[in-house]
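# Structural features, examined
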Amino acid sequence: MAEPGVETRTRSSVITARAAASFDPVGRSVATARAFVRDTLQGWGYSDVVDDAVVLTSELVTNAVIHAGTSADVLCLRTEDGVRVEVADRYPEREVPIQGTGQSFGSPDRENGRGLLLCAALASRWGVEYTPTYKQVWFQLDLPQRQVGTRSAGPVLPTSLLPVADERVRVAVVQIDRGGTVVNWNEDAEHLFGYAAEQVTGKPLTDIAAWPHTPGIGTGIVEALQLSRWEGSYGIRGADGRVIPVYASHLRVRDTHGEPSTVCLLVRDDERAVIQTPLRTPVTDTGSESRSTDPFEVFIGSPAPDDLDGLLQRTVERARDMLDGDSAFLLLATDDETELEVRASTGLPSARQRFARVPVEAGTGRYSSARMPAVHDDLTAVPGAVPLLNDTGMRSVVTVPLKVEGRLTGSLGVAAEGAARYSNEEALRLQFAADRIALAVESARLGELERLRRGSLSFLVEASDLLAGTLDRDQTLALMAQMTVPTLATWCAVYTIADQSSDPYLSYVLHEDEDRIDGLKALLSKIDPPDPVPAPGARIWTAPADAAHQAALRTSMRQLGRGSSPVSSGIGTTLATAAAVGGETVVLPLVARNRVIGMLTLGKPSDDHFRQEILELAEDLSRRAALALDNARLYSERTAISQALQRSLLPPGLPQVPGVEVEVIYRAAGEGNEVGGDFYDLFPIRDGAYGFAIGDVCGTGPEAAAVTGLARHALRLLAREGFGGPAVLERLNAAILDEGARSRFLTLLYGELWPQEDGSAVLKVVCAGHPLPLRLRQDGTVEPAAEPQPLLGVMEDLELYEQMVTLDPGDVLLCVTDGVTERREGTRMLGDDGLADVLTTCTGLTAGAVASRVLRAVERFAAEPASDDMAILAMRVPEPHNS
């Protein structure tokens, strides 16, 4: 019983010709078989089915001579309505998947199974026949059926929908000679462009042609005029200076004397249908054996790969088979169309070439631009014309551009080992194939770029968050490496530079395989670090690969010299390290604040190149990482210096005062400051007596902190010498004035505290220009506990006095600096009244709770962080506990 979709015999038809050939089980037989089928079918005049027949034959012969390892017999049979090709091999035991049985054909990207899948997609009919000694796969391709006299037609349209044209549609006929000059210029050309025939005859067409797709205007159009046929859009600059868009059809002809020239038919671009050649699309057979006529699927096969790499690989394989080449390649253009990146190839060392870049305008031969079809008969005569094919053994090549809406998006090429294999005819055939797949390739490429950009944006956002979350230098170095490996590179090394006079230092090494880290670190430690060049962008660094290669060579030579001795454990590590760094290595500078502070080195294993998108992403990361690393360095230095100096300015600790709760909250303005212009102190003076102070030096930062230290130490010294409060402040005033230009105004609340046996506390206070201390009684009333007096550091003669205050059990004395009372939100200020309102709510709270509530109220008063130093000193006499 025959399975659906597979025939075991052809329907009866008259065979009018046959051709047969046998091919040995060697790789070259595939190309020879393709040439045999192509020549046979073209000789029969069946050019409409040549491409499909060559593709199918290539796959089936490949299965026989490569995968099965047997010879292949190819038989071509011509009938009135098509051609049948039979491919037989000597390995009948292989299982063949059949449609309709539930057995999968497998992936179209697999080499051994794709032939039958292509038969199902491209052939009109196909089948498999078995004998005890061989297996035969055959396919039949029917010639397209067309209505006589009709190549293309459109529907009947209302008159209002027809395109607008002049009363007379004019077709300019221009003839160009071998040298590119105008020899004929008809009346319609004169009317369209405004030039009389005598004005342009004998002049190059390039003088008036505006060629939009090629940077050098003369180059592109001259090459187009050399092709046997060309059709498309460009512009003609009219006599009035305006560029007139035209649609042109060029035909290369020769006269009876053999002299070549090009005839150009030109119409206004919006009238292109007058001369535009319709695509020759086969009429769809509506019978039970119909097949898809989508030109993209005809070339690429169905189903088409849904990923960019698969689509590109399938394209180069089909292009190679179509032109019977030995290799093929496809390059995609960068956004600015200045470079082409190798993305797929067959028959070439693709691992070495993948993602390598070549300039668009490369080479010195006849066709130097990737924007036009190019044919090179012999690359040995024009070395470097196609950089991708250097040292590959290829001699002849044809390349065509992939264009979408006039923009260069890529280049497709087919090459052969023999010379003079291709002509303009093959260039046109390959260009037609490129036009079929250009839009699909561009769509897939844009999809890939969008995914890459979305991933890059997410990566950079996450990297910025991680780097911003630490000011620790070692952690920043680790984050830099961990973010690049393995996302961007296989291994990473970070060099740091302490200062301009220091050499780069290898600070961190990471490899995606932890077992390779030690070997990689040892290798990099033995070679000179890369030069700290501040120029942006990635640059190639070959030193690691060279050093690894030499080390592996030396180790191998030593091992050979040992003869039959056991293999050294070191050779395995050395060879593994050489493989790890044998690919491309790039260096990106870490530049922060106009100084190179290090280098980020990224590496790939053997034969790998970095994609340009990855390098651009790494460059963005290096800029962020450099700033984070420099911030960490500055923060570490500043913190170390600041902490060493400021520890001497802080009170060593608060003493325990019997019968009195004491709480201090201190905040210095500025990142990394432990001491600012505000200060506090609480210290024992003598038995039963304690001194306390809270002050504010004009300004903030180191200068204010210096006066803070002077005031705090002077207060302790003078109080312990037995001076009373006014005397202490007067002598401190004199000391501040002695500082001269370094002196600062100082507001100060100073007092002495005596806890009493009855549970109360007696205080003597002097308030020199400072916010008044507030007393909170048990009943919730708040009142100032002192009167204002002149501040210090302004005038020499001060007459200060002290005031007595008694704190009963449950009372609180709150002392603050103006950073609390002057807290602002726009035009609003907390002020003394606002502070008193907050304190009113603190009845019954401990000293610590009072200080915390005041701080919380200050922080919530405004959304912005505080810009002034702040000190809060709360003292409370606790209530006695009932027994």
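Residues numbered from 1 in each chain as written. Predicted model: local features only at pLDDT ≥ 70, side-chain atom pairs only at ≥ 80, totals over all residues. Heavy atoms only, no water.

So, on to the environment of C264. Structurally, C264 can be placed in strand β11 (residues 260-268). For C264, a relative accessible area of 1% gives the class buried. In this structure, the C-alpha to C-alpha distance between C264 and V173, residues 91 residues apart in sequence, is 5.8 Å. If we ignore the near neighbours within four places in the chain, the residues touching C264 are A172, V173, V174, I176, L225, S249 and H250. (Helix = DSSP H or I, 4+ residues; strand = E, 2+ residues; numbered from the N terminus. Buried < 20%, exposed > 50% of the residue type's maximum accessible area, 1.4 Å probe, protein only. Contact = heavy atoms within 4.5 Å.)

The next subject is the confidence of the model for the protein. Of the residues in the protein, 80% have a pLDDT of 70 or more, and the chain-wide mean is 79. Between residues 363-368, whose pLDDT stays under 50, and residues either more than four places distant or in other chains, the model counts 22 contacts. Predicted confidence is poor over residues 564-569, with pLDDT under 50, and the contacts of this stretch with residues over four places away or in other chains come to 5 contacts. (pLDDT = per-residue confidence, 0-100.)

Moving on, we get to the pairing of strand β6 (residues 172-176). The side-chain alternation of β6 yields one buried face, formed by A172, V174 and I176, and one unburied face, formed by V173 and Q175. One ladder, built from 5 bridges, connects β6 with β11; its direction is antiparallel. When the bridges of β11 are listed, I176 appears paired with T262. In the sheet, β6 pairs with strand β7 (residues 182-185) via 3 bridges, with the strands oriented antiparallel. Pairing of V174 across the sheet is with W185, part of β7. Counting the residues in the hairpin turn of β6 and β7 gives 5 residues, including G180, whose phi is positive at 90°. (Pairing = 2+ DSSP bridges.)

All right, on to the packing of helix α2 (residues 50-68) against helix α8 (residues 308-322) then. Contact pair α2 / α8: the axes reach a minimum separation of 9 Å and the direction vectors enclose 105°. Comparing the axis directions of α2 and α8 gives the class roughly perpendicular. Within the contact between the two elements, α2 uses D51, V54, V55, S58 and E59 and α8 uses R318, D321 and M322. Among the residues making up the contact of α2 with α8, the classes are represented as 3 nonpolar, 1 polar and 4 charged. (Axes fitted to C-alpha atoms, helices over the stretch in contact; angles between N-to-C directions. Parallel < 35°, antiparallel > 145°, perpendicular 65-115°, else oblique. Nonpolar A, V, L, I, M, F, W, Y, C, P; charged D, E, K, R; others polar.)

Within the fold, T747 resides in strand β26 (residues 746-755). Side chain to side chain, T747 and H770 meet in a polar contact 3.0 Å long. Apart from the residues lying within four places of it in its own chain, the contact partners of T747 are I694, G695, D696, A768, G769, H770 and L791. (Polar contact = N/O pair within 3.5 Å; in protein donor to acceptor, adjacent residues only side chain to side chain.)

To continue, consider the packing of aromatic side chains. The final tally for this structure, using the stated rule, is 5 aromatic pairs. Ring plane angle 80° and centroid distance 6.3 Å describe the contact between Y495 and W541, whose orientation is recorded as edge-to-face. With Y495 in strand β18 (residues 491-496) and W541 in the loop between β20 (539-540) and α13 (543-561), this residue pair connects regions lying 46 residues apart in the sequence. By relative accessible area, Y495 is classed as buried at 2%. Judged by centre distance (5.8 Å) and plane angle (50°), the rings of Y666 and Y680 are tilted. (Phe/Tyr/Trp six-rings, centres within 6.5 Å; stacked < 30°, edge-to-face > 60°.)

Below, the discussion takes up the pattern of salt bridges. Across all of its chains, the model carries 29 salt bridges by this definition. Between E59 and R318 there is a salt bridge; the shortest N-O distance is 3.6 Å. Here R318 lies in helix α8 and E59 lies in helix α2, a separation of 259 residues in the sequence. Of the two residues, E59 and R318, both sit in the buried class. Residue D378 pairs with R395 through a salt bridge whose shortest N-O separation is 2.5 Å. Placement of the pair is D378 in the loop between β15 (374-376) and β16 (396-404) and R395 in the loop between β15 and β16, with a sequence separation of 17 residues. Under the relative-accessibility criterion, R395 is labelled partly exposed at 32%. Through salt bridges that share partners, R34, R320, D321, D324 and R421 make up one connected network. (Salt bridge = Lys/Arg side-chain N within 4 Å of Asp/Glu carboxyl O.)

Pairing is antiparallel across the open sheet formed by 6 strands, whose spatial order is β7-β6-β11-β10-β9-β8. The open sheet is flanked by β7 and β8 (209-210), the only strands paired with a single partner.

Further remarks concern a negative patch on the surface. A surface patch of like charges, here negative, comprises E730, D738, E796, D797 and E799. Turning to its location among the elements, E799 is positioned in the loop between β29 (782-784) and β30 (803-807). Judged by relative accessible area, which is 76%, E799 ranks as exposed. (Patch = residues over 30% accessible without salt bridge, like charges linked within 9 Å, V, L, I, M, F, W, Y side chains within 5 Å. Areas by Shrake-Rupley, 256 points an atom, 1.4 Å probe, with all protein chains shown as cover. Lys, Arg positive; Asp, Glu negative; His and termini not counted. Charge placed at Lys NZ, Arg CZ, Asp CG, Glu CD.)

Ranked by internal contacts, the top residues of the largest apolar core, which has 48 residues, are M480, L524, L590 and L602. The element that contributes the greatest number of residues to this core is helix α15 (residues 612-646), accounting for 8 residues. If you look at the next biggest cluster of nonpolar residues, it comprises 37 residues, including A17, L41, L118 and A123. (Core = buried A, V, L, I, M, F, W, Y, C linked by side-chain atoms within 4.5 Å.)

Here the focus is the environment of L792. In this fold, L792 is placed in the loop between β29 and β30. Sequence separation of L792 and A768 is 24 residues, and the distance between their C-alpha atoms is 6.7 Å. Not counting residues within four places of it along the chain, the set of residues in contact with L792 comprises L729, L732, N733, I736, R744, F745, L746, L748, A768, L798 and L800.

This part covers the pairing of strand β17 (residues 407-416). With respect to burial, β17 is a largely interior element, 9 of its 10 residues being buried. Pairing between strand β12 (residues 327-333) and β17: 6 bridges, direction antiparallel. The partner of F329 across the bridge, within β17, is G413. As defined by bridge partners, β16 adjoins β17 across 9 bridges and the pair is classed as antiparallel. In the sheet register, S396 faces β17, and the bridge partner there is A416.

Let us now look at α8. Compared with an ideal rise of 1.5 Å per residue, which puts 15 residues at 21 Å, α8 spans 21 Å between its outermost C-alpha atoms and is within 8% of the ideal. A positive phi of about 55° marks D324, the residue just after α8. (Expected span 1.5 Å × (residues − 1).)

Attention now goes to the sheet that holds strand β21 (residues 585-592). Here 5 strands make up an open sheet; going across it, the order is β19-β18-β22-β21-β20 and the pairing antiparallel. Each end of this open sheet is capped by a strand with a single partner; those strands are β19 (505-511) and β20. Alignment of β18 against strand β22 (residues 595-603), held across 6 bridges, turns out to be antiparallel. Paired with A493 across the bridge in β22 is T601. Strands β18, β19, β21 and β22 of the sheet are contacted by helix α11 (residues 473-484), whose axis makes an angle of about 40° with β19. Contacting β18 and β19, helix α12 (residues 517-526) runs over the sheet at an angle of about 150° to β19.

Where helix α1 (residues 28-44) meets α2, the closest approach of the two axes is 9 Å, and the angle between their N-to-C directions is 150°. Our classification of the angle between α1 and α2 gives roughly antiparallel. As for how α1 packs across α2, the hand of that crossing is right-handed. Mapping the contact onto sequence places S29, V30, A33, R34, V37, R38, L41 and Q42 in α1 and V50, D51, A53, V54, T57, S58, V61, T62, V65 and I66 in α2. Looking at the contact of α1 with α2 residue by residue, the classes come out as 10 nonpolar, 5 polar and 3 charged. (Left-handed = near helix turned anticlockwise from the far one by under 90°.)

The next subject is α12. Those residues of α12 that sit buried are I517, G519, L520, L523 and L524. Seen end-on, α12 carries its buried residues on one side only, within an arc spanning 165°. For α12, the exposed residues lying more than 90 degrees away from the buried face are D518, S525 and K526. (Arc of directions from axis to C-beta.)

Moving on to a nonpolar patch on the surface. A cluster of nonpolar side chains, namely F745, V794 and M795, defines an oily patch on the protein surface of about 280 Å² accessible area. Note on V794: relative accessible area 48%, which makes it partly exposed.

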